[in-house]
Amino acid sequence: MTDRYIELHANSAFSFLEGGSQPEKLAERAFELGIPALAMMDRNGFYGSARFHKTASENGIKAHVGAEVSVTGLGSRLTPPVWLPHQHLSEPTRLALLCETREGYQNLCQLITRFKLRETTKQEGAAKPTDLEEYSRGLVCLTGGEEGPLAAALMKDGEAAGRAVVERLVRTFGQGNVYVEVQRHRERTQEWRNQAAIRIAESLRLPMLATNGVRYATRYDREVADLFSAIRNHTRLDKAGRLLALNNQRHLRAADKMVALFRNVPGAVENTVELSSRLSFQLSDLGYEFPRYPVPEGETMDSFLAKRVAEGVARRYGPKRDAGLLERAKKQVARELKLIEKLGFAGYFLIVWDIVEYCKKSGILIQGRGSAANSAVCYALEITAIDPVGMELLFERFLSESRGEWPDIDLDLPSEEKREQAIQYVYQRYGQLGAAMTANVITYRGKSAAREVGKPWASILSRCNAYRGWSRTTSGRGQTIRWRGRFRTPGSMCSIHVSRNTWSCACGYRTSRGISASIRAAW
Amino acid sequence: MCGKHVGRIAQVGWGHDEPSIGTLRLHLRPELHDKPCVVLEGEPPTETVCALNTRARLLGLRRGMTKVEVETFENVMVLQRSLRIEASVRTVLLECAGAFSPRIEDRSVDGLFVCMADVAGTEGLFGPPLMLAKQMRQRVRSVSIVASVTIGSNAPTTVRLARGLGGGIPLRVVPRGEEAKALGPLPVTVLDVTEAQAETFLTWGIRSVAAVAALPEKSLIARLGQDAKRLLQLAHGKHPYLMQPIDVPFVLEEQAELDSPLDDLESLLFGLSTMLEQLTVRARSRVLALASVTITLRLDGGGSHERTVNPRVPTNEKKLWLKLLQLELANHPPNASILGVHLYAEPGVTSKVQLGLFSPQLPEPGRLDVTLAKITAIVGDGNVGMAVLDDTRRIGDFHVEPFSITTAEPPSPTTTPLFGLRLLRPAERTRVEIRHGQPREIYFRSRCYVAETVYGPWLKGGDWWNESIWGNEQWDVVGRTIDNALLVCRLSHDFILKDWRVAGLYD
């Protein structure tokens, strides 16, 4: 493993229909190439960060957190000149921001939340310059690639405008927190911009930073990215024209390749290592604390919980008149309480207990379900109705220190007014900023992914239908292997192309499966 | 209703018993107007005459005669009935009526084309009723059909008079209140009587409409029933009628079936001339011109051959259209004998493009079209027009679009390049020696250049989803020969075809 280069600007497929690889694949590829750390910066969100962090951690890779944030007031994204035929639509530029500290992560979360709350149409929100100024602490700003404000200013109004944009970023984020980013994808105009960026960095005494603006793990995934571009722009592959990538250079590169590529830009590659060492924040360092439950004077949450559980044990097991069972229940409860105290979850259990108590007092049917039924504490608190001691259920299925996971207690509530009454209680008891509703975002599954990926092909829709058939018949684990075997067997020249297309289609299908976004809305 | 509220109804029909089918069939055959013609219908060998023109009738031919009987007459032109042609000509006639009123109704019966138009309130536009009738007749005549026109205030009366039952008067205006007088001499059968009623009238000795009108209403109803009231109203010219206007689509279409398979395009043009004239007359009547004409030839063997001609500006010049069609068909001849012709035209506005007052005089659009068509015939389709860049990353991809007149200035790139790049078209093939992944020696125009400075490669690739997959890298190279000759060029390496070329020279 080498630490000569860190990729600090990568987009996953969670940059919806822009990135061509799943976060896990990027992490695995980084591991293969010996890259010790990787920063994922998806468009206007952290959607893939958790998955990326998990896989990166398993592979011993440091997962930096960041996001590309759309910003108004810094011009529009780069598009081909007007005298060339193209279908590009005007979009605000995106600022690449990395979280240096936990405060930076919190600020970036709040920044994104703020403009998302303002947006009237999906994917059209953008942060205002005043938002940036307010939430700039703890963030490191890169000037970005072709989606960034520097490229846009350079191409629109020349070097002076580019310098003005960078100066503005410096004023917002501070002298030491702005890096002038250079990418080399073997494009002529990009090289012209790079030379201008180098001059600007020198004149403003800003550090250079080499990145590859990664959009996919390997060069072959460019085809998937092209496919997604076509879907995003509601067009067919053969009609997409300049919407598609110029070449396949936006993949993860090994350190030696990047060093060779940027050998004439002193410090650009070295600065990636230096910046990576500065970025101390990772998702494992969220510092999250479960909310505290208000307890009476002289009590701690743990002691208060122990008393409520003891009362519950007497209430639950007393009437059963089984001394042995009661003894075992007390032992189990003591063991669980010890673990809860150790992991600091007492407040969480008390809050759930509080909600259950309220519902019972208010005549609202409520029932805990799922793995929480394995907990004697939950049974004693009357969160669940199954006796885990009597039924000899395994507590570790619910909570285990070795798993390093947080407890998850699901409560079933009746729909309509009663449910709303319980929600209102939670809002009033814990405050509007202390309670939130979450919602699942649908993800692609076999058939829907195949259908959407098939649209840009148009002429091979019949093949897409065939996929749908396969997705039904090959839902097992061997699916990938079977596909590889089927599509990578070249025959004549024509069949080589067919198999190549089919392979890309299959890759797009597989990449799009599980992406948390609603493509149907886009269509 | 029509009579009372509308005031006047015009009927367009044919003179006395001249068959409408024959007229429709002869629509595009003006050369046959002076010859005795009959139209046969039915399956061979039981074909019978369903229509004939006046000259044929004068020879003694009658409807219902068999083909064998017709063949006993000399110099009689025999045509087969074509429902498709009749339908298209019916549309043309409705369109003619539509030029005088938006409210028209097709009242064709028994192979006779009758159209009713509500012309109330058109005096200001077309003058008094007689003048209107003349214009209507003239209009129908312009599409080579003879018609009789009757104008009146009671629809059933007018229809009966226009159907020629009154003696084939080509133009007739029936003043309000004189309907009964006009109908009076006609036979009782024009009142659509049943067989039983006709027999009853015959036994009573009543043969004319006037005689029916003179009968007392109550006595007649007592003998013939309630239908007698309708008969009396018809006879008095007071039968009410509710007009049901139709919407006639404006379709510029002409169709002709050839008597025998045709191989000679020159002969075809003769027929096309008539068809184009009809189209232009119809377009002109709506202050439109023909923007494009699609000709579909029905070929021997069941195939068809379709070509479309699009001049720069819409025009109604028949000669120009003929010339363009001739060139198009000469350029793309049909591969079998022609059995039928179908013309379909798209209408366009006749407005001219306004150029500057002091702009130089441009050649006539028609002449330009003919010239372009001639050039197309030489260089082929898709090679005449203006080059337009394609929306693709591949360098040099363009397509040819037809010329169009634009007054807007073309946008120009804002940046001024420091160097001038002279692109070589086509790029010149060269041989390149590679060292350490970079061009080292270039053999160009019989000389060997050693690369001093190399920039690149610039990579491009696309169309990976089909057979036209492409990919190339470009290098900017400064090279010198042994005798110090300088070469600053752009090298292009197609790594699909493994081909090196000098794509351009820097000045």
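Because the structure is predicted, anything quoted here is derived from the model rather than measured. (Residues numbered from 1 in each chain as written. Chains lettered and ligands numbered in written order. Predicted model: local features only at pLDDT ≥ 70, side-chain atom pairs only at ≥ 80, totals over all residues. Heavy atoms only, no water.)

Caption draft 1: Structural view of the overall build of chain A. Along chain A, the regular secondary structure elements total 20 helices and nine strands. Per-residue burial over chain A gives 52% buried out of 523 residues. Put simply, of all contacts in chain A between residues at least 6 apart along the chain, 77% involve residues at least 24 apart. Per element, the accessible surface of chain A, about 24,500 Å² overall, is 51% carbon and sulfur. (Helix = DSSP H or I, 4+ residues; strand = E, 2+ residues; numbered from the N terminus. Buried < 20%, exposed > 50% of the residue type's maximum accessible area, 1.4 Å probe, protein only. Contact = heavy atoms within 4.5 Å. Areas by Shrake-Rupley, 256 points an atom, 1.4 Å probe, with all protein chains shown as cover.)

Caption draft 2: Structural view of a nonpolar patch on the surface. Residues Leu286, Tyr288 and Trp406 of chain A make up a contiguous nonpolar surface patch of about 330 Å² in total accessible area. The partly exposed category is assigned to leucine 286 of chain A, whose relative accessible area is 30%. (Patch = residues over 30% accessible without salt bridge, like charges linked within 9 Å, V, L, I, M, F, W, Y side chains within 5 Å. Salt bridge = Lys/Arg side-chain N within 4 Å of Asp/Glu carboxyl O.)

Caption draft 3: A look at the interface of chain B and chain A. Taken together, the contact between chain B and chain A spans 23 residues of the former and 28 residues of the latter. Considering only the side of chain B, the residues that lose the most area to chain A are Asp391, Trp464 and Trp465 of chain B, jointly responsible for 36% of the buried surface there. Listed by contribution, the elements that provide at least two residues to the side of chain B that touches chain A are strand S18 (447-462) and strand S19 (470-480) of chain B. Looking at the side of chain B that touches chain A element by element, the count peaks at seven residues for S18 of chain B. Tallied by class, the residues present in the side of chain B that touches chain A amount to 10 nonpolar, six polar and seven charged. (Buried area = accessible area lost by both parts, 1.4 Å probe. Nonpolar A, V, L, I, M, F, W, Y, C, P; charged D, E, K, R; others polar.)

Caption draft 4: Fine view of unusual backbone geometry. The linkage connecting arginine 425 of chain B with the following residue, proline 426 of chain B, adopts the cis geometry, with an omega of -5°. You can see proline 426 of chain B is positioned in strand S15 (residues 421-429). Residue proline 457 of chain B is bonded to the preceding glycine 456 of chain B through a cis peptide linkage, with omega at 0°. Examined against the element boundaries, proline 457 of chain B turns out to sit in strand S18. Even without being glycine, leucine 17 of chain A reaches a positive phi, approximately 65°. By the element assignment, leucine 17 of chain A lies in the loop between strand S1 (7-10) and helix H1 (23-33). Phi angles above zero are rare outside glycine, and serine 446 of chain B is one such case at about 65°. Turning to its location among the elements, serine 446 of chain B is positioned in the loop between strand S17 (438-444) and S18. For serine 446 of chain B, a relative accessible area of 82% translates into the label exposed.

Caption draft 5: Just the environment of arginine 102 of chain A, in detail. Residues and elements named next belong to chain A. Structurally, the position occupied by arginine 102 is in helix H3 (residues 102-118). A sequence separation of 183 residues divides arginine 102 from aspartate 285, and the C-alpha atoms of the two residues are 7.4 Å apart. Ignoring any residue separated from it by four or fewer positions in sequence, one finds arginine 102 in contact with Phe281, Asp285, Leu286 and Gly287. Within the structure, the side chain of arginine 102 is placed 3.5 Å from the backbone oxygen of leucine 286, a separation counted as a polar contact. (Polar contact = N/O pair within 3.5 Å; in protein donor to acceptor, adjacent residues only side chain to side chain.)

Caption draft 6: Structural detail: the pattern of salt bridges. By the definition in use, this model includes 56 salt bridges over all chains. Arginine 307 of chain B is the partner of glutamate 328 of chain B in a salt bridge, and the nearest nitrogen-oxygen pair spans 2.8 Å. Of this pair, glutamate 328 of chain B sits in helix H15 (residues 318-331) while arginine 307 of chain B sits in strand S11 (residues 304-309), and the two are 21 residues apart along the sequence. Here aspartate 476 of chain B ties to arginine 490 of chain B by a salt bridge, and the two come within 3.8 Å at their closest N and O atoms. With aspartate 476 of chain B in strand S19 and arginine 490 of chain B in strand S20 (residues 486-494), this pair connects stretches of sequence that are 14 residues apart. Aspartate 476 of chain B sits in the buried class, given a relative accessible area of 12%. With relative accessibility at 14%, the residue arginine 490 of chain B sits in the buried group. One salt-bridge network, in which partners are shared between bridges, spans Glu18, Arg43, Glu68, Arg77, Glu91, Arg94, Glu147, Arg215 and Arg232 of chain A.

Caption draft 7: The confidence of the model for chain A, seen in detail. Residues and elements named next belong to chain A. Of the residues in chain A, 87% reach a pLDDT of 70 or more, and the chain-wide mean stands at 85. Between residues 460-503, whose pLDDT stays under 50, and residues either more than four places distant or in other chains, the model counts 53 contacts. Scored below 50 in pLDDT, residues 516-523 shows 22 contacts in the model against residues more than four places distant or in partner chains. (pLDDT = per-residue confidence, 0-100.)

Caption draft 8: Local environment of the packing of aromatic side chains. All names here are of chain A. The full count for this structure, using the stated rule, is 14 aromatic pairs over all chains. A centroid spacing of 6.1 Å and a plane angle of 70° characterise the contact between phenylalanine 304 and tryptophan 353, whose relative ring orientation is edge-to-face. Separated by 49 residues along the polypeptide, phenylalanine 304 in helix H11 (residues 301-317) and tryptophan 353 in helix H13 (residues 346-361) bring together distant segments of the chain. Accessibility assignment for this pair places phenylalanine 304 and tryptophan 353 in one class, buried. On the basis of an interplanar angle of 85° and a centroid distance of 5.9 Å, the ring pair of tyrosine 348 and phenylalanine 349 is categorised as edge-to-face. Neither residue differs from the other here; tyrosine 348 and phenylalanine 349 are each classed as buried. (Phe/Tyr/Trp six-rings, centres within 6.5 Å; stacked < 30°, edge-to-face > 60°.)

Caption draft 9: Here's a closer look at the sheet that holds strand S3 (residues 62-76) of chain A. Residue and element names in this part refer to chain A. Pairing in this open sheet of seven strands is mixed, and the strands run S1-S2-S3-S4-S5-S6-S7 from one edge to the other. For this open sheet the edge positions go to S1 and strand S7 (208-210), each flanked by a neighbour on one side alone. If you compare each strand with its neighbour and ignore which way they point, the axes differ by 35° on average. Relative to S7, strand S6 (residues 178-182) is paired through three bridges, and the arrangement is parallel. Looking across to S7, one finds that glutamate 181 is bridged to leucine 209. Contacting S3, strand S4 (92-99) and S6, helix H5 (residues 149-157) runs over the sheet at an angle of about 145° to S4. (Pairing = 2+ DSSP bridges. Axes fitted to C-alpha atoms, helices over the stretch in contact; angles between N-to-C directions.)

Caption draft 10: Representation of the confidence of the model for chain B within the structure. Residue and element names in this part refer to chain B. Per-residue pLDDT for chain B averages 81, and the proportion of residues at 70 or more is 87%. Overall, residues 1-8 carries pLDDT values under 50, and its contacts beyond four positions in sequence, including any with other chains, amount to 33 contacts. Within the model, the stretch residues 12-23 combines pLDDT values under 50 with 52 contacts to residues more than four positions away or in other chains.

Caption draft 11: A look at the packing of helix H14 (residues 265-285) of chain B against H15 of chain B. Residues and elements named next belong to chain B. Closest axis-to-axis distance for the H14/H15 pair is 10 Å, and the angle between their directions is 140°. As H14 runs across H15, the sense of the crossing is right-handed. On H15, the residues touching Leu265, Glu266, Leu268, Leu269, Leu272, Ser273, Leu276 and Glu277 of H14 are Lys318, Trp321, Leu322, Leu325, Gln326, Leu329 and Ala330. (Left-handed = near helix turned anticlockwise from the far one by under 90°.)

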